[in-house]
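Each chain, written out:
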Amino acid sequence: MSDPFSGYEQLAGPDEMFAPDGSPHPAYAAFAERLGAWSIEHIDGRQRRSEMDLLASGITFTVYQDEAEVDRIFPFSIIPRIVAHDEWRTIETGLQQRVKALNAFLHDVYHDQRCVTDGVIPGQVLFGAAAFNLRMVGFEPPQGVYTHIAGSDLIRDQHGEFRILEDNVRTPSGVSYVLENRRTMLEAVPELFPEGAVSPVTDYPEHLLEMLIEVRPEGVAAEEARIVILTPGSFNSAYFEHTFLAQQMGVDLVEGRDLIVHDQTVYLRATTGLERVDVIYKRVDDDFLDPLAFRPDSVLGVAGLADAYRAGKVTLANAMGVGVADDKVVYRFVPDFIRYYLGEEPILRNIDTLAAVLPEDLEEMCANLDQLVVKPAGESGGYGLVVGPQASAAELRATEERIRDNPRNWIAQPLQEFSSIPTLLDGALRARRADLRPFALTGADTWVLPGGLTRVALVEGSYVVNSSQGGGSKDTWVLRPPRASEE
Amino acid sequence: MLSRVAENLYWLGRDLERVENIARMAEVSHTVSVESGGVDGDQHAWDAVLAATGSLGLYNEAHKDDPQLTPAEFLLLSSANPNSLRRTLVVARALARELREQLSREVWEEINRIYLDVHATRTDFRDFRDGMHAFCDQVRSGVASILGLFDNTVLMDEGRDWFRCGVYLERADMTSRIVDAKYFVLLPSAQDIGGALDRSQWVAVLRSASAWQAFRMTHRGAITGPRVATMLVRGEQFPRSLYFCVRAFRRHFEAASDRTPAGQTIHVARELALLDLDLASVDEAALVRQGVHEFMDGFQARLIDVDRLLHEHIFRVLPSVA
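This section reports on the structure supplied with the text. (Residues numbered from 1 in each chain as written. Chains lettered and ligands numbered in written order. Predicted model: local features only at pLDDT ≥ 70, side-chain atom pairs only at ≥ 80, totals over all residues. Heavy atoms only, no water.)

## Topic: a negative patch on the surface
All names here are of chain A.
Point 1. A contiguous patch of negative charge on the surface is contributed by E206, E210, E214 and D445.
Point 2. Tracing the sequence through the fold places D445 in the loop between β21 (440–442) and β22 (446–448).
Point 3. The class for D445 is exposed, based on a relative accessible area of 62%. (Patch = residues over 30% accessible without salt bridge, like charges linked within 9 Å, V, L, I, M, F, W, Y side chains within 5 Å. Areas by Shrake-Rupley, 256 points an atom, 1.4 Å probe, with all protein chains shown as cover. Salt bridge = Lys/Arg side-chain N within 4 Å of Asp/Glu carboxyl O. Lys, Arg positive; Asp, Glu negative; His and termini not counted. Charge placed at Lys NZ, Arg CZ, Asp CG, Glu CD. Helix = DSSP H or I, 4+ residues; strand = E, 2+ residues; numbered from the N terminus. Buried < 20%, exposed > 50% of the residue type's maximum accessible area, 1.4 Å probe, protein only.)

## A look at the state of the cysteines
Residues and elements named next belong to chain B.
Point 1. For the structure on display, the rule yields 0 disulfides over all chains.
Point 2. There is no disulfide at C245, and the cysteine sulfur nearest it, in C165, is 12 Å away.
Point 3. For C245, a relative accessible area of 1% corresponds to the buried category. (Disulfide = S-S within 2.5 Å.)

## Notes on the interface of chain A and chain B
Point 1. Listed as interface residues are 34 residues of chain A and, on the opposing side, 31 residues of chain B.
Point 2. With both chains or domains summed, chain A and chain B bury close to 2,800 Å², and 47% of this area falls on carbon and sulfur atoms.
Point 3. In this structure, D258 of chain A engages R4 of chain B in a salt bridge whose closest nitrogen and oxygen atoms are separated by 2.6 Å.
Point 4. The set of elements that each furnish at least two residues to the side of chain A that touches chain B consists of α2 (40–57), β2 (68–73), α6 (175–188), α8 (239–249), β8 (252–254), β9 (259–262), β10 (265–270) and β11 (273–276) of chain A.
Point 5. Sorting elements by how many residues they give to the side of chain A that touches chain B places α8 of chain A first, with 5 residues.
Point 6. Looking at the side of chain A that touches chain B residue by residue, the classes come out as 14 nonpolar, 11 polar and 9 charged. (Contact = heavy atoms within 4.5 Å. Buried area = accessible area lost by both parts, 1.4 Å probe. Nonpolar A, V, L, I, M, F, W, Y, C, P; charged D, E, K, R; others polar.)

## Re the packing of helix α9 (residues 196–208) of chain B against helix α11 (residues 225–234) of chain B
Residues and elements named next belong to chain B.
Point 1. Put simply, α9 and α11 touch, their axes get as near as 10 Å, and they point 10° apart. In terms of orientation, α9 and α11 fall into the roughly parallel class. Where α9 approaches α11, its residues W202, V205 and L206 are matched on the opposing element by G225, V228 and L232.
Point 2. Here the residues of the contact of α9 with α11 sort into 5 nonpolar, 1 polar and no charged. (Axes fitted to C-alpha atoms, helices over the stretch in contact; angles between N-to-C directions. Parallel < 35°, antiparallel > 145°, perpendicular 65-115°, else oblique.)

## Observations concerning the pairing of strand β23 (residues 453–457) of chain A
All names here are of chain A.
Point 1. Counted residue by residue, β23 has 5 buried out of 5 residues, so it is predominantly covered.
Point 2. Burial along β23 is two-sided: L453, R455 and A457 and T454 and V456, pointing in opposite directions, are all buried.
Point 3. With 4 bridges connecting them, strand β20 (residues 428–437) and β23 associate as antiparallel partners. Bridge assignment links R437 to a residue of β23, and that residue is L453.
Point 4. One ladder, built from 4 bridges, connects β23 with strand β24 (residues 471–478); its direction is antiparallel. By the bridge assignment for β24, A457 is matched with G471. (Pairing = 2+ DSSP bridges.)

Written out as structure tokens, the structure reads:
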């Protein structure tokens, strides 16, 4: 039988599965032994089975090819990311710490703004953030929570350390794939699971529902709280996730047109009449939330919703105006927030980041463009990214011009040789770079789902894992503590 | 339940039922035309089904531009025909996708499966005599599975009743169209009535409505137009008759709107009660007296009314704050 790992070449930067000498890391030992017993053809067969399963489940998006509609699955790879238990503890506590600091920062931003007067962050960065929302000033959200659902992206850097690449606190998506990827793995390759060693992820929706009930408006009984998910509609690329979470939590999935606001109270339009809504898990951008408050051309929103929210009659998760906290320029200052608000050192470090809005950073950035990854602050999904070492001289010149033109909009980071994971492509295992997005839920406390979305760059040599840029995903196994140390 | 969700479930029922009807009618037309090969019956068989699905005029137009275009291809696979099986299925699947959290995994996967199957069918029917039967059969059993799975895996709440309302309204409409197509499109000359062609066409009508065996189990003697039409209108035990479908619709409507304010339900309820009464009094003599075509025309107009009232007073109404 052919060894499936023969011919496997590691990339620069760490390999999640193998040590440089080719032996598996301890976290992968049991898995590697089982997978190693299979031929590459057999692995390929299982991979195909998992793809057929995803196609049948209709977890697909539609593309147009030669004028015909074709349904595609999001690329999925059956070799998981496996995270050792002690490493996971670091990620978990690091995220809890970070979420706490971000909430303290948001509260400060919308109240006293001590962070500006104390010089933690320049005022122009804060007030220049597109997501800064004047309507939130002086408003106290229930339980003081702004970022109910957060999903930060992590990478393992060249030295093997997990670091925060960016925070997502507006409407982080992908958790449905965490659950569906696990289900697919359990169906397609059950033999590869080390029995009882992988933390289950299926209870995420229950935690989410509990949290949403926890942050209900004052005066509403827990058992009577009416929760809904607000979606932009079935054409949204994350619509599957919206239906998935609605179904798993047993709550209504509503569009803007299903809701009306009367006397600062939100109702949904049911066949039985109007029914009061208490908590809205919103998957609609702030800009489209309420045509009276924000974009008047929006048909997605609910007139009067912002007003009802400020009156404390309905809870929005996440809060409005939280985008200030995941602005790419603000990101540079998050470690300082942790020190300033919590008096602690960050457990998870940032990637060293230059923000062009700071004059000294701007010069350093422009002098080293060919070694940096430059990102526009206002984009997500990997759009507008310039990878210095891979860009032409002309591209770099044009980039510098754009940066100097609008410094507030640009940040830069050294190119990270972040870690890769074996991925089955064209019938062979190849190393491909991957990041990790864990999800943190915050009500009275912060709970981190033991798992996450591992996104993988499928294109050879690529550093960009976003699905809009040809990325795929993997299951993420967080190992449980060894039994001996459990007491 | 959200009004929008109720409306979508109703339309999902309608569209799936229509898909099944198109497949069934196409199958019958196909066998009839193969059997009578090249004789007049050939084109007539397809004209009837094209008319019943509202595609006849569109087909004649499209056929002028592309003389090779077969009725089967136009009816089943064409993307240019808004009434084709494919287009109807695409709409149904989009609705199901929107409604996904309301459906059981089994129902959703079955809808998705027949959608993927039909999508994968690239063959045109110009030279496709074997595949035709398998294709229609696959679609029909797919829809049958969905209806069965709906009954066996989905919560029996108002959503399921709205879905069933859609199924029965569409079924009533399609049955009336199948009968009407025979009368109106295939209108034979007086001397043909009761002749061999006339009789074989009525058999085709019965088969198009899945009623051939049921007819034989309940009727002895000759197959005549009025007898067939009467059974398809009034057959109390036949699950595709107009009477049966209207009563089933009424039952599901009452269950679905049980908690809806009476001020809203009264409009549809009144219309259904009248329709029920009128159908109950129909017999063969009355049908012949009125004329089958005129009867079907009137019936279809009343279904359109029911559908309109349903949207106006239930699905799209803006309820007042209590």
